[in-house]
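Examination of the molecular architecture
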Amino acid sequence: TSNEKKPQYPNMVNFTVDQMRGIMDKAANIRNMSVIAHVDHGKSTLTDSLVAAAGIIAMAAAGDTRLTDTRQDEQERGITIKS
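Overview of the structure.

Another point: unusual backbone geometry. Here Asp 40, not a glycine, exhibits a phi torsion of approximately 60 degrees, which is positive. Within the secondary structure layout, Asp 40 lies in the loop between α1 (17-24) and α2 (43-53). Residue classification places Asp 40 among the exposed positions, given a relative accessible area of 74%.

Here we take up the pattern of salt bridges. Following the criterion strictly, the structure yields three salt bridges and no others. Here Arg 66 ties to Asp 69 by a salt bridge, and the two come within 2.5 Å at their closest N and O atoms. Take Arg 66: its relative accessible area is 22%, and that puts it in the partly exposed class. Look at Asp 69 and you get buried, because its relative accessible area is 4%. Of the charged contacts, one joins Asp 73 and Arg 71 as a salt bridge, the two residues approaching to 2.7 Å between their closest N and O atoms. The class for Arg 71 is partly exposed, based on a relative accessible area of 32%.

Cut-offs applied
- Residues numbered from 1 in each chain as written.
- Predicted model: local features only at pLDDT ≥ 70, side-chain atom pairs only at ≥ 80, totals over all residues.
- Heavy atoms only, no water.
- Helix = DSSP H or I, 4+ residues; strand = E, 2+ residues; numbered from the N terminus.
- Buried < 20%, exposed > 50% of the residue type's maximum accessible area, 1.4 Å probe, protein only.
- Salt bridge = Lys/Arg side-chain N within 4 Å of Asp/Glu carboxyl O.

As structure tokens, this is what we get:
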């Protein structure tokens, strides 16, 4: 019918969390990633959490490690300035 709601992105793949975990368990599947969001919406925290889920840093350190903040002024101020 004409009132039927169509998917916004009909060709987008929709993985479940379990499927994503299965994919992440295979090192050969890991590739570069990109996180795009507005200012102060948790990009650094999300990145830390993904890195922790991959076993690179401890889960307890996720969100505080701020791996993407490599500049000295970013580390001192606790904010991402350039990405």
